Every structure is written in structure tokens, then in C-alpha cells.
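# Summary of the model geometry
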Amino acid sequence: MKRIGLTLLLLLAGAQAARAELRETPMLRELVASGQLPKIEDRVPREPLVAKLQTSGSPGGELRMLMGGPKDTRMMVVYGYARLVGYVPSLDIEPDILQSIEIEGGRIYTLHLRPGHKWSDGHPFTSEDFRYWFEDVASNPQLSPSGLPVSLLVQGDPPRFEVLDETTIRFTWTRPNPLFLPDLAGPSPLFIYCPSHYLKQFHEKYADKSTLDELVKRAKQRNWAALHARLDGMYRNDNPDLPSLEPWILKTKPPSDRFIFERNPS
């Protein structure tokens, strides 16, 4: 597998600098200069997460890895560890993709996204991606016949889901839910969002029926729900067309003996 680049390089402009300065990753400069990519300040969140590292590496390079089989593309999700919240070395859980989170009594969770955050294809990452997942995927019996994930149920009761604005979502349970954050931070995370702008074209609620029927036929799937589920592999990481928030983006369409991942520019 191939990995191009490591992280956004966030350096202090000087010892007395009040805020970090965004600097373009060297390998992306040519793409920005040619207009194929927006400038870095137009690609990343207005308040990106700044990693607290003891030392800084050098951007760029390649990493070749051996995997057991094609399904191990999912390991890039494990290694990349891009989560709404994640574990830090002290084993505390802190915001990662999220800008912040407010918790009231262990049962009300208000999630704040980072303004300006984008999917790998440049489309805004907003509360609509959470609403689509909760209402149109997780609550749709054709896509989720078993219902909501277990960690979203407290003694069998689902949460009340609210979209407060473009970057704010709230989950409210009648009792405390201690499983919520650990499941968001796990190696096989609970995905409570998905790229709605991409997946709506495969959902019967949003897509033109004749167009969707043709897509189902062409993909040799039994119905629209099977096609949607096949393409919505956030953890499987086996659809190179699926926009992602992961640090490395799959560029090879399965099946293949060699998979190439490239740096996520957003």
C-alpha cells in the first residue's frame, strides 16, 4: 500500500506567535499552483486540530505494507484513527474530528463540528451528514433491519436526535449512556455520520427512480438498499468513490492484489 504525506504541517510563525500558521504540504504545492486544489486555508477547518507532538516528521514519502487480504483495507481506518472523539496517551477521550462536545448528566451529548471542515472531495462536512445517517440510514428498516446500533440504545430506548444548526447536533437519552463515547473512539468506530451528498443518489427517498433502477441493475444488486449498503463502507474502506474524512484515501477499486492510498488533501 502507498501512503503519500503524513499530516498537515502546522507550525508556529515564531516563538511569540499567538496562533499557528498553516503551511502548505510540499507535495501539494504544485496542485495548488495549477488550480487543481484550493489553497490550504480553503481546504481545512477554520480551527483545525493541532497535534501535540514531541517531534515533527517530514511530510511526503511512501510506506509499503503487507496485508493478509483485500478486506484488510479496513485497517487503514484503524491506523488512521480519525474519530469524532479519540483516546489520548492518558486514555482520556478528547475531541478529534469534533471541535468540542458538551455532556450533561451523562445523557445529553451536544456535538460541535469544526466550521469549514470538508470531505475528501471538498464538499462541506455538516450536521446534514449526521441527520442523513440517523434518519435515512440507521432508522430505515431496509438499510438497517436490526434498528439502531446497540450503543445508541439505553435499556432499549433510542435517543432523541436534534440538528441545532449546520455544525451542531444533539443526542438526548432518558438515562446516562456510558457506551456512547467509547464506541465513537474504538478501533472499529461507531459511525454516526456518512457523506450524504454522495449517498443520496443511491437512496430511494432522494434519487430518481428510473435512474436508481438502472444503477442497481448495472451494479448487479438485488435492490436499491443493497446497492446503498455496498457503497456505504465507511469502515470497510473498499469504495474509492466514497468521500472520506480519513487521512489516507483509497484510490484502487477492488478486487486487486495491490491497493494504493493517497493523502487526503482536506
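Looking now at the overall build of the chain. If you tally the helices and strands in the chain, you get seven helices and 10 strands. At 19 Å, the chain has a C-alpha radius of gyration in line with the 18 Å of a compact globule built from 266 residues. Based on the C-alpha atoms only, the size of the chain along its principal axes is roughly 55 × 50 × 35 Å. Considering the chain as a whole, with its 266 residues, one finds that 41% of them fall into the buried category. Partitioning the intrachain contacts of the chain with sequence separation of at least 6 by distance along the chain shows that 57% fall at a separation of at least 24. Of the roughly 14800 Å² that the chain leaves accessible, carbon and sulfur atoms contribute 52%. Counting 33 positive and 33 negative side-chain charges, the chain places the centres of these two groups 4 Å from one another.

All right, on to helix α7 (residues 224-231) then. In terms of residue burial, α7 counts as a mostly covered element, since six of its eight residues are buried. Considered for burial, the residues of α7 that qualify are Trp224, Ala225, Ala226, Leu227, His228 and Leu231. Elements in contact with the buried residues of α7: α3 (127-138), α5 (196-199) and α6 (209-219). One side-chain oxygen at the N-terminal end of α7 lies 3.2 Å from the backbone nitrogen of Ala225; it belongs to Asn223.

Here the focus is the packing of aromatic side chains. The relation between two aromatic rings is expressed through the spacing of the ring centres and the mutual angle of the planes. A complete count under the given rule lists 17 aromatic pairs for this structure. Judged by centre distance (6.0 Å) and plane angle (15°), the ring pair of Phe171 and Trp173 falls under stacked. Trp173 shares its class with Phe171; the two are buried. Judged by centre distance (5.4 Å) and plane angle (50°), the rings of Phe171 and Phe180 are tilted. For Phe180, a relative accessible area of 0% gives the class buried. Ring pairing ties together the aromatic residues Tyr109, Trp133, Phe134, Phe161, Phe171, Trp173 and Phe180, which thus form one cluster.

Below, the discussion takes up the pattern of salt bridges. One pass over the structure, following the stated rule, counts 12 salt bridges. With its nearest N and O atoms 3.4 Å apart, the salt bridge here joins Arg64 to Glu62. For the pair Arg64 and Glu62, one class covers both residues: exposed. One salt bridge in this structure joins Arg160 and Glu162, with 3.2 Å as the shortest N-O distance. A residue is classified by how much of its surface remains accessible, and Glu162, at 22% relative accessible area, is partly exposed. It is possible to trace a salt-bridge network through shared partners that takes in Glu128, Arg131, Glu135, Asp136, Lys200 and Lys205.

This brings us to unusual backbone geometry. With omega at 0°, the peptide bond leading from Pro254 into Pro255 counts as cis. Relative to the helices and strands, Pro255 is located in the loop between β9 (248-250) and β10 (261-263). Phi at Lys220 is positive, roughly 60°, even though this residue is not glycine. Counting through the fold element by element, Lys220 comes out in the loop between α6 and α7.

So, about the environment of Arg230. Within the element layout of this structure, Arg230 appears in helix α7. The exposure class assigned to Arg230 is partly exposed, which follows from its relative accessible area of 36%. Along the chain, Arg230 and Ala219 lie 11 residues apart, while their C-alpha atoms are 9.7 Å from each other. The contact partners of Arg230, leaving out residues within four places of it in the chain, are Gln221, Arg236 and Asp238.

On to the environment of Lys39. Mapped onto the fold, Lys39 is located in the loop between α1 (29-33) and α2 (75-80). Residue classification places Lys39 among the exposed residues on the basis of a relative accessible area of 51%. Taking the C-alpha atoms as reference, Lys39 lies 7.9 Å from Glu24; in sequence the two are 15 residues apart. Ignoring any residue separated from it by four or fewer positions in sequence, one finds Lys39 in contact with Glu24 and Val32.

Thresholds applied
Residues numbered from 1 in each chain as written. Predicted model: local features only at pLDDT ≥ 70, side-chain atom pairs only at ≥ 80, totals over all residues. Heavy atoms only, no water. Helix = DSSP H or I, 4+ residues; strand = E, 2+ residues; numbered from the N terminus. Rg over C-alpha atoms; globule rule 2.2 N^0.38 Å. Buried < 20%, exposed > 50% of the residue type's maximum accessible area, 1.4 Å probe, protein only. Contact = heavy atoms within 4.5 Å. Areas by Shrake-Rupley, 256 points an atom, 1.4 Å probe, with all protein chains shown as cover. Lys, Arg positive; Asp, Glu negative; His and termini not counted. Charge placed at Lys NZ, Arg CZ, Asp CG, Glu CD. Polar contact = N/O pair within 3.5 Å; in protein donor to acceptor, adjacent residues only side chain to side chain. Phe/Tyr/Trp six-rings, centres within 6.5 Å; stacked < 30°, edge-to-face > 60°. Salt bridge = Lys/Arg side-chain N within 4 Å of Asp/Glu carboxyl O.

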